[in-house]
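Residue-level listing of the chains:
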Amino acid sequence: MDTVSRRAAALARPHPADLPIAEIVAVEHEVLRWLDPATRADAEGALIDRLTGDPMPTLRAVCWLTASWAVVLHLRTGYAPTEVLRQLTFGGVWRGPQAPETEQVWEFLTAQVRAGALAALTDDPSVAHAFHSAAATRVAGYPECLLHHGLVLMSGLWLTLAAHGVEPLDLAATLAVYTHDAFDRPTGSFRPLT
């Protein structure tokens, strides 16, 4: 519950067979370290190491955290979480008429992160399948590129949250302490209450 707006949402763990809470907590720890310029390089290295083997758990954890932050912003501001995710954008000198091909790459990567976060938010199997199909590409370096892009998008969302007086520190870690894994398939991690 947001103490300022009085809006509330229920937050549950993903099913452990789908995305273990330990994965989300470990990724959250590194994402929060990545947000600090002093530990950014170390944190990104640790996250890249987590991509070895199967990159999907780490990429999905980044998307789950992005969705959770969109819910936190919704609770404070009233903006629909789906709209918060649709507004994610990647700014930089490569945007604009001087570099249209590069801009298309950044837009594609943003759409991938958005799809992963929407899949976590809505528990929509078709969106989750679309994200998995695109993110599981075997192109060398793609998981690292998608991870970095997701982190940059998260940093923009973090600044928006801070501008509204909210810092969702250790959200997943708190969830891990106060909840248990479900035995049955849950209906989704995020459910509005008000």
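Residues numbered from 1 in each chain as written. Predicted model: local features only at pLDDT ≥ 70, side-chain atom pairs only at ≥ 80, totals over all residues. Heavy atoms only, no water.

## Overview of the overall build of the protein
Inference 1: Broken down by element type, the protein carries eight helices and two strands.
Inference 2: Against the globule reference of 16 Å for 194 residues, the protein gives a C-alpha radius of gyration of 16 Å, in line with a compact fold.
Inference 3: Each principal axis of the C-alpha distribution contributes one length, and for the protein these read about 45 × 35 × 35 Å.
Inference 4: When the 194 residues of the protein are sorted by exposure, 43% land in the buried category.
Inference 5: Sequence separation of 24 or more characterises 77% of the internal contacts of the protein that already satisfy a separation of 6 or more. (Helix = DSSP H or I, 4+ residues; strand = E, 2+ residues; numbered from the N terminus. Rg over C-alpha atoms; globule rule 2.2 N^0.38 Å. Buried < 20%, exposed > 50% of the residue type's maximum accessible area, 1.4 Å probe, protein only. Contact = heavy atoms within 4.5 Å.)

## Considering the nonpolar core
Inference 1: Formed by 52 residues in total, the largest nonpolar core has its most connected members in W64 and W69.
Inference 2: Here this core gets 14 residues from one element, more than from any other, and that element is helix α3 (residues 56-77). (Core = buried A, V, L, I, M, F, W, Y, C linked by side-chain atoms within 4.5 Å.)

## Some thoughts on the side chain of E28
Inference 1: Topologically, E28 is positioned in helix α1 (residues 21-34).
Inference 2: Within polar-contact distance, the side chain of E28 engages the backbone nitrogen of A173 at 3.0 Å.
Inference 3: Those residues in contact with E28, other than ones at most four positions away along the chain, are L65, P168, D170, L171, A172 and A173. (Polar contact = N/O pair within 3.5 Å; in protein donor to acceptor, adjacent residues only side chain to side chain.)

## A few points about the pattern of salt bridges
Inference 1: Tallying each qualifying case throughout the model produces six salt bridges.
Inference 2: The salt bridge involving D18 is made with R60; its shortest N-O contact spans 3.2 Å. Of the two residues, D18 is situated in the loop between β1 (9-11) and α1 and R60 in helix α3; the sequence distance between them amounts to 42 residues.
Inference 3: Residue classification places D18 among the partly exposed residues on the basis of a relative accessible area of 31%.
Inference 4: Here R33 ties to E30 by a salt bridge, and the two come within 2.4 Å at their closest N and O atoms. Placement of both R33 and E30 in helix α1 is noted, with a separation of three residues, approximately one turn of the helix.
Inference 5: Exposure remark for R33: the relative accessible area of 22% places this residue in the partly exposed category.
Inference 6: On the basis of relative accessibility, which here comes to 12%, the residue E30 falls in the buried class. (Salt bridge = Lys/Arg side-chain N within 4 Å of Asp/Glu carboxyl O.)

## Looking at α3
Inference 1: Taking 1.5 Å of rise per residue, 22 residues should cover 32 Å, and α3 covers 31 Å from first to last C-alpha, within 8% of that figure.
Inference 2: Among the 22 residues that make up α3, 19 are buried, leaving the element largely enclosed by the rest of the structure. (Expected span 1.5 Å × (residues − 1).)

## A word on the confidence of the model for the protein
Inference 1: Scored by pLDDT, the protein has a mean of 89; 91% of the residues are at 70 or more.
Inference 2: α1 holds the highest mean pLDDT among the elements of the protein, 98, whereas strand β2 (residues 190-192) holds the lowest, 80. (pLDDT = per-residue confidence, 0-100.)

## Quick word on unusual backbone geometry
Inference 1: Not every positive phi belongs to a glycine, and R6 is a case in point at roughly 70 degrees.
Inference 2: Here R6 falls in the exposed class, since its relative accessible area comes to 52%.
Inference 3: Of note in this structure, D123 is not a glycine but carries a positive phi near 60 degrees.
Inference 4: Turning to its location among the elements, D123 is positioned in the loop between α5 (100-122) and α6 (125-135).
Inference 5: In this structure D123 comes out as partly exposed when scored by relative accessible area, which is 26%.

## Things to note about the packing of α3 against helix α7 (residues 142-163)
Inference 1: In the contact formed by α3 and α7, the axes pass within 10 Å of each other and the chain directions differ by 15 degrees. As the angle between them shows, α3 and α7 are arranged roughly parallel. Crossing handedness for the pair α3 and α7: left-handed. Each of L59, V62, L65, T66, W69, A70, V72 and L73 in α3 lies in contact with α7, whose residues at this interface are P143, L146, L147, G150, M154, L157, W158, T160 and L161. (Axes fitted to C-alpha atoms, helices over the stretch in contact; angles between N-to-C directions. Parallel < 35°, antiparallel > 145°, perpendicular 65-115°, else oblique. Left-handed = near helix turned anticlockwise from the far one by under 90°.)

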